[in-house]
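Structure assessment
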Amino acid sequence: MMLMLDVYSEALIRYSDKYPDTKIKNIQARIRWTVDNILMSAVRFPRTRCLEVWDNLKDKGVLGQYITWERITLKHGLKNLINTLIGLPIKIKPYYLLLNVIMQKMQR
């Protein structure tokens, strides 16, 4: 997923002056979704690795403190909606770390 993020970020930088606005917004949405997916996967890691992922995304400048509201949809089923609602505020660091603690306790 980190590779996807790098590809999307590179495309945004390299082609932003050549792409139409709709394509730019699409790439930006893909970046937001990819960051969300990376964070949701990383909460299962041990705490040190979990924080490394957070710091790596922060260093890349893709870790905004915004919530990806457009992910709320029943289009992919109820289970996906519930997972989406749980992960909605994942870009808020205290919530991210709380999910990590919960996931670590569940894995024991």
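Heads up: the structure comes first, above all this text.
The notes below deal with the structure included here. Because the structure is predicted, anything quoted here is derived from the model rather than measured. (Residues numbered from 1 in each chain as written. Predicted model: local features only at pLDDT ≥ 70, side-chain atom pairs only at ≥ 80, totals over all residues. Heavy atoms only, no water.)

1. Re the pattern of salt bridges
One side chain can pair with another of opposite charge once the charged atoms of both are near each other. Convention followed: Should a side-chain nitrogen of Lys or Arg be within 4 Å of a carboxyl oxygen of Asp or Glu, the pair is scored as a salt bridge. In DSSP terms, a helix is any run of H or I states spanning at least four residues, a strand is any run of E spanning at least two, and both are numbered starting from the N terminus. Buried means the residue's accessible area, taken with a 1.4 Å probe over protein chains only, is under 20% of the maximum for its type, while exposed means over 50%, and partly exposed covers the values in between.
Going through the model one piece at a time under the given rule, you end up with six salt bridges. Asp6 is the partner of Lys60 in a salt bridge, and the nearest nitrogen-oxygen pair spans 2.6 Å. Of this pair, Lys60 sits in helix α3 (residues 47-60) while Asp6 sits in helix α1 (residues 2-15), placing them 54 residues apart in sequence. The partner of Arg14 in a salt bridge is Glu10, and the shortest N-O contact between them spans 3.2 Å. In this pair, Arg14 and Glu10 are both assigned in helix α1, four residues apart and thus about one turn of the helix distant. According to the relative accessible area criterion, Arg14 is partly exposed, its value standing at 48%. Owing to a relative accessible area of 36%, Glu10 belongs among the partly exposed residues under this scheme. Three or more residues joined by partner-sharing salt bridges are found here, namely Asp36, Arg71 and Lys91.

2. Topic: α3
Which entries qualify depends on this criterion: Each helix should span, by expectation, one fewer than its residue count multiplied by 1.5 Å. The arc in question is the one spanned by the directions pointing from the helix axis to the C-beta atoms. Contacts are residue-level and defined by heavy atoms, with any inter-residue pair within 4.5 Å sufficient.
Across its 14 residues, α3 extends 20 Å between first and last C-alpha, which sits within 8% of the 20 Å expected from 1.5 Å per residue. Listing the buried residues of α3 in full gives Cys50, Val53, Trp54 and Leu57. With its buried residues spanning 95° around the axis, α3 presents them on a single face. Away from its buried face, by an angle of more than 90 degrees, α3 presents the exposed residues Thr48 and Asp59. Buried positions along α3 lie against α1, α2 (21-42) and α5 (93-107). Positive backbone phi, at 80°, marks Gly61, one or two positions downstream of α3.

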